[in-house]
Amino acid sequence: MKAITLKEPWASLIVNGYKTYEFRSWKTSYRGKILIHAAKGVDKNNIDRFKSYNLNYGNSCIIGEAHIVDCVKVDEELHKKLLKIDSNVYQESGFDETYAFVLENCKKYDKYIPCKGHLNIWNYDL
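Structural notes, computed from the coordinates. Keep in mind that this is a model prediction, so the values were computed, not measured.

With that settled, the discussion passes to the packing of aromatic side chains. Within the structure shown, the criterion is met by seven aromatic pairs. Seen in terms of ring centroids, Tyr 18 and Tyr 53 are 4.7 Å apart; in terms of plane orientation they differ by 75 degrees. Their pairing is edge-to-face. Residue Tyr 18 is found in the loop between helix H1 (10-15) and strand S2 (21-24), and its partner Tyr 53 is found in the loop between strand S3 (32-42) and strand S4 (61-73); the two are separated by 35 residues along the sequence. What makes Tyr 18 partly exposed here is its relative accessible area of 33%. A residue is classified by how much of its surface remains accessible, and Tyr 53, at 14% relative accessible area, is buried. Three or more aromatic residues link up through ring pairs in this structure, and these residues are Trp 10, Tyr 18, Phe 50 and Tyr 53. A cation over an aromatic ring shows up here: Lys 73 above the ring of Tyr 99, its NZ or CZ 5.1 Å from the ring centre.

Next comes the structure, spelled out in structure tokens:
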């Protein structure tokens, strides 16, 4: 099964349905189900920003799943659209956001699956 590792709060924002676009500097041709892995590290600069969302963060574990249905080039039009959806989630970051993975069917697991994460899209044996 394919998986992707993200720091918290980003992983939890996806599995709870708040974030349906995941930004990367690279594109992917992969389409289909992907496990969402919460990294060991946390994006400390952004944790306080999402306190009102009442998220339960994972650490070094698979916390849910989503489906990658598309990968699009990020442009000004998409950025404006996302700011209208949720300006808190989609405000500009300091990272290279060249591509956006479009996510659907985001789902949080009741029981997290402990495991190590990896860079890029990686394979997890169920």
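Pairing in this open sheet of six strands is mixed, and the strands run S2-S5-S4-S3-S1-S6 from one edge to the other. Pairing within the sheet leaves two strands with one partner each, and these edge strands are S2 and strand S6 (121-123). Averaged over all adjacent pairs, the angle separating strand axes in this sheet is 45 degrees, with direction ignored. Lying on the sheet, helix H2 (residues 76-85) is in contact with S2, S4 and strand S5 (99-114); it crosses S2 at an angle near 140 degrees.

Attention shifts here to the nonpolar core. Ile 36 and Ile 63 are the most contacted members of the largest nonpolar core, which totals 16 residues. Sorting the residues of this core by element identifies strand S1 (2-8), H1, S3, S4 and S5 as the ones contributing at least two each. Contacts of Ile 63, omitting those with residues within four sequence positions, involve Glu 8, Ala 11, Ser 12, Val 15, Ile 36, Ala 38, Gly 58, Lys 107, Lys 108, Tyr 109 and Tyr 112. Counting residues in each nonpolar core, the second largest holds 13 residues, with Trp 10, Phe 23, Phe 50 and Tyr 90 among its members.

Since one α-helical turn is 3.6 residues long, residues separated by three or four positions face the same way. Taken residue by residue, H2 has Leu 78, His 79 and Leu 82 as its buried positions. For H2, the buried positions fall inside an angular range of 100 degrees around the axis, keeping them on one side. Across from the buried face of H2, at angles greater than 90 degrees, the exposed residues are Glu 76, Glu 77, Lys 80 and Lys 84. In this fold, the buried residues of H2 make contact with S2, S4 and S5. Where H2 begins, one side-chain oxygen reaches toward the backbone nitrogen of Glu 77, 3.3 Å away; that side chain belongs to Asp 75.

Here the focus is a negative patch on the surface. On the surface, a cluster of negative charge is contributed by Asp 75, Glu 76, Glu 77 and Glu 92. Relative to the assigned elements, Glu 76 resides in helix H2.

Structurally, His 37 is set in strand S3. Since its relative accessible area comes to 1%, His 37 is described here as buried. Looking at His 37, its side chain comes within polar contact range of the main-chain nitrogen of Gly 117, at 3.5 Å. Excluding residues within four positions of it along the chain, His 37 makes contact with Ile 4, Thr 5, Leu 6, Ala 11, Ser 60, Cys 61, Ile 62, Cys 115, Lys 116, Gly 117 and Trp 122.

Calculation criteria
- Residues numbered from 1 in each chain as written.
- Predicted model: local features only at pLDDT ≥ 70, side-chain atom pairs only at ≥ 80, totals over all residues.
- Heavy atoms only, no water.
- Phe/Tyr/Trp six-rings, centres within 6.5 Å; stacked < 30°, edge-to-face > 60°.
- Helix = DSSP H or I, 4+ residues; strand = E, 2+ residues; numbered from the N terminus.
- Buried < 20%, exposed > 50% of the residue type's maximum accessible area, 1.4 Å probe, protein only.
- Lys NZ or Arg CZ within 6 Å of the ring centre and 35° of its normal.
- Pairing = 2+ DSSP bridges.
- Axes fitted to C-alpha atoms, helices over the stretch in contact; angles between N-to-C directions.
- Contact = heavy atoms within 4.5 Å.
- Core = buried A, V, L, I, M, F, W, Y, C linked by side-chain atoms within 4.5 Å.
- Arc of directions from axis to C-beta.
- Polar contact = N/O pair within 3.5 Å; in protein donor to acceptor, adjacent residues only side chain to side chain.
- Patch = residues over 30% accessible without salt bridge, like charges linked within 9 Å, V, L, I, M, F, W, Y side chains within 5 Å.
- Areas by Shrake-Rupley, 256 points an atom, 1.4 Å probe, with all protein chains shown as cover.
- Salt bridge = Lys/Arg side-chain N within 4 Å of Asp/Glu carboxyl O.
- Lys, Arg positive; Asp, Glu negative; His and termini not counted.
- Charge placed at Lys NZ, Arg CZ, Asp CG, Glu CD.

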